[in-house]
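The lines below spell out each chain.
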Amino acid sequence: MNKKNIIVVTAIVVVVIAIALIGQKGSSPYVMSDQESLDYVAALNEGYVFPKGVNPLKQTTEGVVIVDLRDINQYSRQHLMGAVNVPVEDVLKPEIFDQMNDFSKDGRLVVFYGEDESSAAPVVYLLKQMGVSGARALVGGFSFWQAGGNADSLKTVGFTTEVPIGDYAKLMTIRGGSDSTQSATTVVSKPKKVAPKPVAKKAAAEGGC
Amino acid sequence: MNKGFYYLAPAIFVIALVAAFIKVKPYHYEQKPEQLVIDIMQPSRFITADEVAKLLIDKDPSLLLIDIRPTTEYNLFSLDNAVNIPSDSLLSPDNIEYFKAGHNKVVLFGNGDVRSQMAWLELKKHGFNQVFVLRGGLNSWFTQIINPPVPMPYSPQAEFNQYSFRKAAGNFFSGAAEVPIAQDGAKKAEKKSVAPRPVKKEAAAEGGC
């Protein structure tokens, strides 16, 4: 009895330790630490977008591989010059991933684009974390270049979606900040604006008849 | 019997130790990249500005808006009840509590949706599943809710309904939050005045002459 107990207990302990070790150790596929990758997100810049001032419609620049992330139907209908098709689901296939990794280790850039500007973002981010340091997103995405976008219009802003289009300082003055008195005045003035419109219309209609 | 207990004591100790490690695990949890690629392919992470506006007007308690822009931009303007977590401190111990707190819809937004998608992927990687991305970010909020495009006269009715909803929501968020009922009235008045206005005017002019 005693011996059996001992054997059972030691067996349980060994199994638990083994599970814990497997769970803890499993080598991580991610090269960047959490803080490194978050800093990369906060400081999105040249390291994220394809160099500005380059027109992918005209020529394929030396040392650049352009990858179309859309599916095969969209790719075969129309794609940017020199682009190769790698649908998102194939990005991590060993032969494709290794090839991209080799390109980036040779100092070449792997430039991804999807339908719009932000659709390549998560893929680029994932590959960066996995060590493909040459991964970039094509500024504007496919729709921008298809709609006749040109490199000149991109020179002012590196990438468009992360630039605020609203004048939020001005908006806050309209909104009246958080002051209750100011917001009260806006509340009063608003119904005034709305109300007279229908009245004026009715008056005009009456006058017409 | 006694010998069995001697073995049991360290066994319990070891199990407790393992349990302690497992408790730490969700924070250091790492999703496999293959699973992340599958997540990237699904558009279900996106939530539109209209949906967020509806949830905000309904005061949905399960909604948590997280503004990942820098604090200076957050202070200038943000969505109602949004929490500011700049993207570089997304995983700090204080902030991680927001994602653990059991909100059903944690919506990330920046100016666009490049950064917020990366932040979304980072959170997915750490096993937080109820995280969504505001499609187009604050810029889409600005173009759709604050400054909605006026539908063409020949547009379908659905577009007019959408426009009047957006207009009313825009009013709702720009200071008149205390009187949602009055806003309802304004919504109806506007709905009428938007579409038929030119027709009525013409008629009045003819009648007048």
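Residues numbered from 1 in each chain as written. Chains lettered and ligands numbered in written order. Predicted model: local features only at pLDDT ≥ 70, side-chain atom pairs only at ≥ 80, totals over all residues.

Undergrad: Summarise the overall build of chain A; cite the residues concerned and give the values.
TA: From N to C terminus, chain A includes nine helices and four strands. Traced from its N-terminal end to its C-terminal end, chain A shows the element sequence α-α-β-α-β-α-β-α-β-α-α-α-α. Of all intrachain contacts in chain A linking residues separated by at least 6 positions in sequence, the fraction that spans at least 24 positions is 63%. (Helix = DSSP H or I, 4+ residues; strand = E, 2+ residues; numbered from the N terminus. Contact = placed C-beta atoms within 7 Å.)

Undergrad: I'd like to hear about the packing of helix 2 (residues 34-42) of chain A against helix 6 (residues 114-125) of chain B, residue by residue, with values.
TA: Across the interface, helix 2 of chain A lies against helix 6 of chain B with an axial gap of 9 Å and an inter-helix angle of 165°. In terms of axis orientation, helix 2 of chain A runs roughly antiparallel to helix 6 of chain B. Helix 2 of chain A and helix 6 of chain B meet at a crossing whose hand is left-handed. Contacts between helix 2 of chain A and helix 6 of chain B involve S37, L38 and V41 of chain A on the former and, on the latter, R115, M118, A119 and E122 of chain B. (Axes fitted to C-alpha atoms, helices over the stretch in contact; angles between N-to-C directions. Parallel < 35°, antiparallel > 145°, perpendicular 65-115°, else oblique. Left-handed = near helix turned anticlockwise from the far one by under 90°.)

Undergrad: So, the sheet that holds strand 2 (residues 83-85) of chain A: which residues are in play, and what are the values?
TA: Residue and element names in this part refer to chain A. Within the open sheet, the four strands sit side by side as 2-1-3-4. Their pairing is parallel. Every other strand in the sheet has two partners, leaving strand 2 and strand 4 (135-137) as the edge strands with one partner each. Averaged over all neighbouring strand pairs, the angle between strand axes comes to 35°, with direction disregarded. With three bridges joining them, strand 3 (residues 109-113) and strand 4 adopt parallel strand pairing. (Pairing = 2+ DSSP bridges.)

Undergrad: Give me the lowdown on unusual backbone geometry, citing residues and values where you can.
TA: Residue and element names in this part refer to chain B. The phi angle at K59 is positive, at roughly 55°, despite the residue not being glycine. Tracing the sequence through the fold places K59 in the loop between helix 3 (49-57) and strand 2 (63-67). Taking the number of C-beta atoms within 10 Å as the measure of exposure, K59 has 9 and is therefore exposed. Backbone geometry places N81, a non-glycine residue, at a positive phi of 65°. Relative to the helices and strands, N81 resides in the loop between helix 4 (71-76) and strand 3 (83-84). (Buried ≥ 20, exposed ≤ 12 C-beta atoms within 10 Å, placed from the backbone.)

Undergrad: An account of the environment of D50 of chain B is requested, with residue identities and associated values reported.
TA: Tracing the backbone through its elements, the reader meets D50 of chain B in helix 3. Put simply, D50 of chain B and F99 of chain B are 49 residues apart on the chain and 23 Å apart in space, counted from C-alpha to C-alpha.

Undergrad: Now, about the pairing of strand 4 (residues 105-109) of chain B: what can you tell me, with residues and values included?
TA: Residues and elements named next belong to chain B. Strand 4 sits mainly inside the fold: four of its five residues count as buried. Summarising the sheet, strand 2 and strand 4 pair through five bridges and their orientation is parallel. Of the residues in strand 4, the one forming a bridge with L63 is K105. When strand 4 meets strand 5 (residues 131-134), the two strands line up parallel, connected through three bridges. Considered in strand 5, the bridge of V106 is made with V131. With helix 6 bridging strand 4 and the parallel strand 5, this β-α-β connection has right-handed handedness. (Right-handed = clockwise from strand over helix to strand, strands pointing away.)

In short, the description is geometric, and any link to function would need to be established separately.
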